[in-house]
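Given next are the chains, with one letter for each unit.
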Amino acid sequence: QSMNPNASPSSSPTTPAPTQGPTYVPCSVCGEGKEVGNPNPIFSFPGTPPISCGDLETEGEEGKIPPEKCDTYPILIADLCECQSMNPNASPSSSPTTPAPTQGPTYVPCSVCGEGKEVGNPNPIFSFPGTPPISCGDLETEGEEGKIPPEKCDTYPILIADLCE
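Residues numbered from 1 in each chain as written. Predicted model: local features only at pLDDT ≥ 70, side-chain atom pairs only at ≥ 80, totals over all residues. Heavy atoms only, no water.

## Some details on the side chain of Glu57
- Mapped onto the elements, Glu57 comes out in helix α1 (residues 53-61).
- Ignoring any residue separated from it by four or fewer positions in sequence, one finds Glu57 in contact with Val29, Glu35 and Val36. (Helix = DSSP H or I, 4+ residues; strand = E, 2+ residues; numbered from the N terminus. Contact = heavy atoms within 4.5 Å.)

## Comments concerning the state of the cysteines
- Throughout the structure, instances matching the rule amount to five disulfides.
- Each disulfide pairs two cysteine sulfurs, and for Cys27 the partner residue is Cys70, the sulfurs being separated by 1.8 Å. On the sign convention where negative means left-handed, the S-S torsion of about 95 degrees between Cys27 and Cys70 marks this disulfide as right-handed. Residue Cys27 is found in the segment before β1 (34-35), and its partner Cys70 is found in helix α2 (residues 67-70); the two are separated by 43 residues along the sequence. The two residues Cys27 and Cys70 agree in class, both being buried.
- Note that Cys30 is cross-linked by a disulfide to Cys83, the S-S spacing being 1.9 Å. Between Cys30 and Cys83 the sulfur-sulfur dihedral comes to about -70 degrees; the bridge is accordingly left-handed. One end of the pair, Cys30, is in the segment before β1; the other, Cys83, is in the loop between α3 (73-77) and β4 (84-85), and 53 residues separate them in sequence.
- Here the protein chain pairs its bonded cysteines, counted in sequence order, in the arrangement 1-4, 2-6, 3-5, 7-9, 8-10. (Disulfide = S-S within 2.5 Å. Buried < 20%, exposed > 50% of the residue type's maximum accessible area, 1.4 Å probe, protein only.)

## Notes on the nonpolar core
- With 29 residues, the main nonpolar core has Ile77, Val112 and Ile160 as its most contacted residues.
- Mapped by element, the contributors of at least two residues to this core are β2 (42-45), α1, α3, α4 (136-144) and α6 (156-164).
- It is α6 that provides the largest number of residues to this core, a total of four residues.
- In contact with Ile160, other than residues within four places in its own chain, are Val112, Cys113, Phe126, Leu139 and Glu165. (Core = buried A, V, L, I, M, F, W, Y, C linked by side-chain atoms within 4.5 Å.)

## Structural notes on the pairing of strand β3 (residues 48-52)
- Sheet topology note: the β2/β3 ladder contains three bridges and is antiparallel. Bridge pairing links Phe43 to Ile51 in β3.
- Hairpin connection from β2 to β3: two residues lie between these consecutive antiparallel strands, with Gly47 at a positive phi of about 90 degrees. (Pairing = 2+ DSSP bridges.)

## Here we look at the packing of aromatic side chains
- Inspection of the entire model under this criterion finds two aromatic pairs.
- Geometrically, the ring pair formed by Phe126 and Tyr156 is edge-to-face, given 5.8 Å between the ring centres and 80 degrees between the ring planes. Separated by 30 residues along the polypeptide, Phe126 in strand β5 (residues 125-126) and Tyr156 in helix α6 bring together distant segments of the chain.
- Under the relative-accessibility criterion, Phe126 is labelled buried at 2%. (Phe/Tyr/Trp six-rings, centres within 6.5 Å; stacked < 30°, edge-to-face > 60°.)

## Points about the environment of Glu59
- You can see Glu59 is positioned in helix α1.
- The exposure class of Glu59 is partly exposed, given its relative accessible area of 28%.
- Between the C-alpha atom of Glu59 and that of Pro26, which follows or precedes it by 33 residues, the distance is 8.3 Å.
- With residues near it in sequence (within four places) discarded, Glu59 still touches Ile51, Lys64 and Ile65.

## Structural notes on the pattern of salt bridges
- The final tally for this structure, using the stated rule, is two salt bridges.
- Glu62 is the partner of Lys64 in a salt bridge, and the nearest nitrogen-oxygen pair spans 2.9 Å.
- Glu62 sits in the partly exposed class, given a relative accessible area of 44%.
- The residue Glu145 makes a salt bridge to Lys147 at a minimum N-O spacing of 3.0 Å.
- Glu145 gets classed as partly exposed once you look at its relative accessible area, which sits at 43%.
- Since its relative accessible area comes to 45%, Lys147 is described here as partly exposed. (Salt bridge = Lys/Arg side-chain N within 4 Å of Asp/Glu carboxyl O.)

As structure tokens, then:
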């Protein structure tokens, strides 16, 4: 009996999928129980390549987005991607949100760089969809003056760390 050293029915050469990097837990970029309502708009953000809302949602579902990043997306893309409940009856806790008027309510003062940190470089312009471009220094001032909702302020340290140093 001669055995063919190349014939091995149980094993096939396995090649890792190196192109996409690490795999994370699948997540919803619109938040728990929500989905992208409009897949066409392009989300662009400093330090990341522009991506359509639909592709961003797919990357989240396929586990290609680190959890700490995925947690920040709902605030950033809700309006742009028209995030909506997967099942209209699923979340009674959600109330319709109206965009804040320009002078808007006053919130608790916060540090956009994180507790005990301050902007090192006030000049770069920070921008993402749904908000007007703003310098790091002005963003810090708005936080100190209580013009930023706490849930947004909590995400800024991750978003502006590299840009505003």
